[in-house]
Structure formats: C-alpha cells, structure tokens
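# Structure at a glance
In case you want the letters, here they are:
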Amino acid sequence: MNTKVWKVDKYVDNLENNPQVVDAANFLRDNEVVALPTETVYGLGGNAKSDTAVKKIFAAKGRPSDNPLIIHIAEKRQLSTFVEDIPEKAERLIEAFWPGPLTIIFKRKEGVLSETATAGLATVAVRIPDHPVALALLKSCGLPIAAPSANSSGKPSPTNADHVLDDLNGKIAGVIDGGATGIGVESTVVDCTEAIPVILRPGGVTKEQLESIVGEVQVDAALTDEAARPKAPGMKYRHYAPNAPLYMVSGTTKFLHRLVEEKRQEGLRVGVLTTKENAHLFEADVVLTCGKRAELETVAAALYDTLRKFNLEKVDVIYSEVFPNTGVGQAIMNRLQKAAGNKLITE
Ligand code: TXA
Ligand code: MG
C-alpha cells in the first residue's frame with residue numbers, strides 16, 4: 001500500500017475545510033486508517049463504528065486484540081450517543097481538562113461502537129484531543145475515531161510523522177504531518193465508573209491536577225506493584241523498548257559515570273540518556289540529551305524521540321538517569337520503567 005503524506009500547517013485558519021484534511025477525512029469515512037497528530041503523540045485513527053476500520057488499526061500495529069482503543073471525539077455532545085451516563089465527577093473533569101490529555105473511562109452503550117475497538121469490555125475510553133489538526137479532522141469526518149498511538153506495538157510512541165513512517169509506511173493509508181507533538185507522553189487514563197476516580201495510566205494531566213478538581217483520586221495498584229493485574233489492558237505489555245538493554249540508574253551522576261566507564265572498558269558501545277544539566281559529565285559513545293531536569297515537561301516532550309535515536313546509533317547498552325516521581329515525572333518514570341523492563345541499578 002502506498003502511504004500518503006499530507007503536510008498541514010496547524011496554525012492556518014479554517015483547517016476543517018483544508019483540502020489535505022478533507023482528503024484524509026474521506027479516507028476515514030471509507031474505513032481506511034490514517035495517522036494524525038495530537039497534542040500528546042501521533043494517533044492511528046479509524047472509524048470507531050466500523051469493525052473493518054478498527055481491524056485495520058490492530059493489523060497495522062500488530063496490536064494484541066485484548067487491548068482496547070481510545071475513542072476520540074470533537075465535541076462533548078457526541079458522548080451521549082455511546083456512553084451510558086456521565087457521572088458528576090467525570091463532568092467536572094471534562095469541564096476542566098477537555099480538550100486535553102485526559103482520557104476518561106465510561107460505561108458503554110451497547111451496539112454503537114465496534115466491539116473490536118472496545119475489546120469486548122463493558123466500558124469505553126474517550127477523549128477530546130487539544131490539537132487544531134486532530135480537531136479539524138474529527139469535525140470534517142463527523143465520526144468518533146478510535147486511535148491508539150501510531151507506532152508498531154512495543155515501540156516508543158511517535159512524536160512526529162517520521163516516527164510514524166518508520167514503523168507503518170506501506171501499512172496505512174496515510175499520515176497527516178502536522179509537525180512535532182507538544183506534550184510527548186500519552187494522555188492520562190482515569191476510570192470514572194466508580195465513586196472514586198482511579199488513574200490507570202499516568203500522562204499529560206497530573207494526579208495533583210485531577211485532585212484539585214475532584215478531590216481524592218486513586219492510582220491503580222499495578223502502577224506501583226509489579227505483581228498486580230493492571231485495569232488498563234495495555235499496561236500489562238512491555239512498551240517503548242529500545243533495541244539495546246536499557247538500565248535506569250538511581251544514584252549520583254558520579255555513580256552513573258562509573259557504570260558507563262566500566263562498560264566502555266569492556267569494549268561495549270555505551271549509550272547514556274541524560275539531561276542538559278548533566279550531559280557534559282559523560283564521555284560515553286552516544287550521549288543523548290533528553291530535555292532539562294529543571295523542566296520535566298521538556299523531558300516528556302523529548303523522551304520517545306531519544307529512545308528511538310538510540311536504535312539508530314546501534315548501542316550495546318543504555319544507562320539512563322531517573323526522574324522525580326511527581327507531576328509529569330510520574331508519566332516519564334512509568335514509560336522509562338516499561339522501556340527498561342523495570343531494570344534499575346541503585347547506588
Ligand atoms: O495520548 C493518547 O492517549 C494517545 C493519543 C493518540 O490519543 N493514545 C494512546 O492510545 O495512547 P493507546 O492505545 O496507545 O493507549 C490506550 C490505553 C491502553 O493502555 C488501553 O489498554 C487503555 O488505554 N484503555 C482503552 N480502553 C480502556 C478501557 N475501556 N478500560 C481500561 N483501559 C482502557
Ligand atoms: Mg500506545
């Protein structure tokens with residue numbers, strides 16, 4: 001299959017009628033799958049009402065069929081067509097964070113969405129993305145769009161159109177290239193089907209932000225206890241893994257430096273995932289800077305691109321700094337832990 005690339009400037013006016021966006025929307029209406037930029041990562045979109053379209057998403061990504069997709073909509077009023085009810089706390093979260101990087105789990109109305117999209121669950125995950133191109137596409141096609149991250153299953157999520165093409169060129173109808181995404185880690189997934197909301201996946205909206213709107217928010221036990229079964233099916237899979245083994249290193253930069261030098265002495269090609277503040281300390285073969293420690297948002301924005309770059313550099317082993325587990329640091333550490341398969345070296 002020839003994968004089309006539509007270049008769209010997200011700052012131009014009237015995007016909904018932009019010929020490139022309209023062309024992509026027509027593919028979606030024909031039940032083809034199209035990658036699109038969002039404010040978090042690129043998504044691989046397909047008509048959420050069509051089993052045919054949704055099966056193409058699973059096939060292109062090589063995604064396990066038990067892992068449900070997030071449904072993207074342009075306007076809140078679309079919700080009532082496929083969710084049973086909007087609980088009061090969900091209402092408040094929507095008011096505060098949509099459009100934005102927050103996915104909310106609702107009880108699902110039967111018979112509207114593809115059962116493949118929701119992996120047969122009684123619930124459905126929904127969000128309104130905060131990206132002009134994504135919103136224009138959603139409005140232009142007039143459909144709820146199922147969209148997981150537009151990477152091959154297991155790879156780091158794509159934060160630009162080249163990442164999408166690296167994984168999916170020839171496997172999807174097209175990609176809208178709207179430039180690099182902003183936030184860089186996926187949306188926060190919060191289950192609002194019980195009295196107290198539960199975070200199933202940390203992401204662009206922090207626990208502290210959620211709590212400021214609805215009071216107590218719990219965190220799925222699986223996020224801290226490896227033995228617990230995650231409530232978001234996708235969280236049980238290893239993700240984001242670079243080709244070389246990745247170790248998180250907790251300790252002083254001196255300790256990290258010593259580990260790196262030991263491996264270099266053994267003749268290995270060593271990669272270091274570090275930050276602007278510390279990069280000058282290392283003489284490893286491949287030192288990649290992933291944002292600034294003092295501004296964790298910049299680390300989130302650069303994380304997946306940095307993980308992908310290590311593959312191009314063909315390193316034998318990667319050592320990474322760790323980050324504080326607060327604010328967006330929770331999402332960063334969650335993704336880093338998955339990329340490392342939880343391998344942590346402590347000083
Ligand atoms: O930022 C994002 O959320 C991106 C952009 C494209 O919107 N999308 C994304 O989708 O990250 P994906 O498929 O890579 O991750 C969706 C996560 C998975 O862990 C999945 O298991 C979980 O959401 N999920 C989806 N529906 C669910 C449901 N009904 N109950 C529990 N977890 C659900
Ligand atoms: Mg994903």
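Keep in mind that what you see is a predicted model, and the values were worked out from it rather than measured. (Residues numbered from 1 in each chain as written. Chains lettered and ligands numbered in written order. Predicted model: local features only at pLDDT ≥ 70, side-chain atom pairs only at ≥ 80, totals over all residues. Heavy atoms only, no water.)

Before going further, it helps to examine helix 2 (residues 51–61). Taken together, the buried positions of helix 2 are occupied by Ala-53, Val-54, Ile-57, Phe-58, Ala-60 and Lys-61. Of the surrounding secondary structure, the elements contacted by the buried residues of helix 2 are strand 3 (43–47), strand 7 (145–146) and helix 5 (161–168). Where helix 2 begins, one side-chain oxygen reaches toward the backbone nitrogen of Thr-52, 3.2 Å away; that side chain belongs to Ser-50. With its phi angle positive at about 65 degrees, Gly-62 sits one or two positions after the end of helix 2. (Buried < 20%, exposed > 50% of the residue type's maximum accessible area, 1.4 Å probe, protein only. Helix = DSSP H or I, 4+ residues; strand = E, 2+ residues; numbered from the N terminus. Contact = heavy atoms within 4.5 Å. Polar contact = N/O pair within 3.5 Å; in protein donor to acceptor, adjacent residues only side chain to side chain.)

What follows deals with the sheet that holds strand 7. Strand pairing in a sheet relies on backbone hydrogen bonds, with the paired strands running either antiparallel or parallel. On the basis of which strands lie adjacent, the open sheet formed by 11 strands has the order 1-8-2-3-7-4-6-5-9-10-11 and mixed pairing. Only two strands of the sheet have a single neighbouring strand rather than two, namely strand 1 (4–7) and strand 11 (218–219). Relative to strand 10 (residues 198–201), strand 9 (residues 188–191) runs antiparallel, the two being bridged by three bridges. Counterpart to Val-190 in the pairing with strand 10 is Ile-199. Helix-sheet contacts for helix 1 (residues 19–29) involve strand 1, strand 2 (34–36), strand 3, strand 7 and strand 8 (174–177), and the interaxial angle to strand 1 is about 140 degrees. (Pairing = 2+ DSSP bridges. Axes fitted to C-alpha atoms, helices over the stretch in contact; angles between N-to-C directions.)

Further remarks concern the packing of aromatic side chains. Counted by the stated rule, this structure contains three aromatic pairs. With a centroid separation of 5.6 Å and an interplanar angle of 65 degrees, the aromatic rings of Trp-6 and Phe-27 are classed as edge-to-face. Of this pair, Trp-6 sits in strand 1 while Phe-27 is found in helix 1, placing the two residues 21 residues apart along the sequence. Here Phe-27 falls in the partly exposed class, since its relative accessible area comes to 23%. On the basis of an interplanar angle of 35 degrees and a centroid distance of 5.8 Å, the ring pair of Tyr-247 and Tyr-319 is categorised as tilted. Taken together, the positions of Tyr-247 in strand 12 (residues 246–250) and Tyr-319 in strand 15 (residues 317–321) put the pair 72 residues apart, joining distant regions of the chain. In this structure Tyr-319 comes out as buried when scored by relative accessible area, which is 3%. (Phe/Tyr/Trp six-rings, centres within 6.5 Å; stacked < 30°, edge-to-face > 60°.)

Attention now moves to the packing of helix 1 against helix 4 (residues 132–141). Direction vectors running N to C along helix 1 and helix 4 enclose 55 degrees, while the axes themselves pass 9 Å from each other. Viewed along their axes, helix 1 and helix 4 adopt a mutual orientation that is oblique. The interaxial crossing formed by helix 1 with helix 4 has right-handed handedness. Two secondary-structure elements touch here, helix 1 through Val-21, Val-22, Ala-24, Ala-25, Leu-28 and Arg-29 and helix 4 through Ala-136, Leu-137, Ser-140 and Cys-141. (Parallel < 35°, antiparallel > 145°, perpendicular 65-115°, else oblique. Left-handed = near helix turned anticlockwise from the far one by under 90°.)

Now for the domain arrangement of the protein chain. The domain architecture assigned to the protein chain consists of domain 1 (4–235) and domain 2 (246–346). One C-alpha centre belongs to domain 1, the other to domain 2, and the line joining them spans 28 Å. If you look at the interface, domain 1 gives 26 residues, while domain 2 gives 15 residues. Carbon and sulfur atoms supply 52% of the area that domain 1 and domain 2 bury against each other, a total of about 1,600 Å² over both sides. Sorting the residues of domain 1 by area buried against domain 2 places Pro-156, Val-185 and Pro-202 first, and these three jointly supply 31% of that buried surface. (Domains from an automatic or database assignment. Buried area = accessible area lost by both parts, 1.4 Å probe.)

Moving on, we come to the site of ligand 1. With respect to spatial proximity, 28 residues lie near ligand 1, and among them Thr-40, Asn-67, His-72, Ser-187 and Gly-234 are the closest. One of the side-chain nitrogen or oxygen atoms of Asn-67 is found 2.6 Å away from an oxygen atom of ligand 1. Residue Gly-234 places a main-chain N or O atom 2.7 Å away from an oxygen atom belonging to ligand 1. Coverage of ligand 1 by the protein amounts to 96% of the 680 Å² it exposes when considered alone. Under a 2 Å grid-point criterion requiring more than half of the atoms, the pocket assigned to ligand 1 is the largest pocket. Breaking the shell around ligand 1 down by element, the ones donating at least two residues are strand 4 (70–72), strand 6 (123–127) and strand 10. (Near = heavy atom within 4 Å. Areas by Shrake-Rupley, 256 points an atom, 1.4 Å probe, with all protein chains shown as cover. 1 Å grid on protein atoms, 1.4 Å probe; cavity = no way out; pocket = protein on both sides within 12 Å on 5 of 7 lines; lining within 4 Å. Sits in = over half its atoms within 2 Å of the grid points.)

The buried fraction of strand 13 (residues 270–274) amounts to five of the five residues, a majority that puts the element mostly inside the structure. Side chains Val-270, Val-272 and Thr-274 project from strand 13 onto one buried face, and the interleaved Gly-271 and Leu-273 project onto a second face that is buried too. Direction of pairing for strand 13 relative to strand 15: parallel, over a ladder of four bridges. Along strand 15, the bridge assignment pairs Val-272 with Tyr-319. Pairing of strand 13 with strand 14 (residues 286–289), which is carried by four bridges, proceeds in the parallel orientation. Note that in strand 14 the partner of Leu-273 across the bridge is Leu-288.

The space that makes up the largest pocket amounts to roughly 860 Å³. Around the largest pocket, the lining is made up of 48 residues, and of these Arg-63, Asn-67, Pro-68, Ala-232 and Gly-234 lie nearest the centre. Secondary structure elements with two or more residues in the lining of the largest pocket: strand 4, strand 6, strand 9 and strand 10. When residues in the lining of the largest pocket are grouped by element, the largest group, four residues, is from strand 6. Grouping the amino acids of the lining of the largest pocket by side-chain chemistry returns 21 nonpolar, 16 polar and 11 charged. Here the second largest pocket defines a volume of roughly 400 Å³. Looking at the second largest pocket, it is lined by 16 residues, and the ones nearest its centre are Ala-222, Glu-226, Met-235, Lys-338 and Asn-342. Grouping the amino acids of the lining of the second largest pocket by side-chain chemistry returns six nonpolar, five polar and five charged. Counting contributing residues per domain, the lining of the second largest pocket is built from domain 1 (4–235) and domain 2 (246–346), each supplying no fewer than three. (Points joined across faces, edges and corners; volume = space filled by probe spheres on them. Nonpolar A, V, L, I, M, F, W, Y, C, P; charged D, E, K, R; others polar.)

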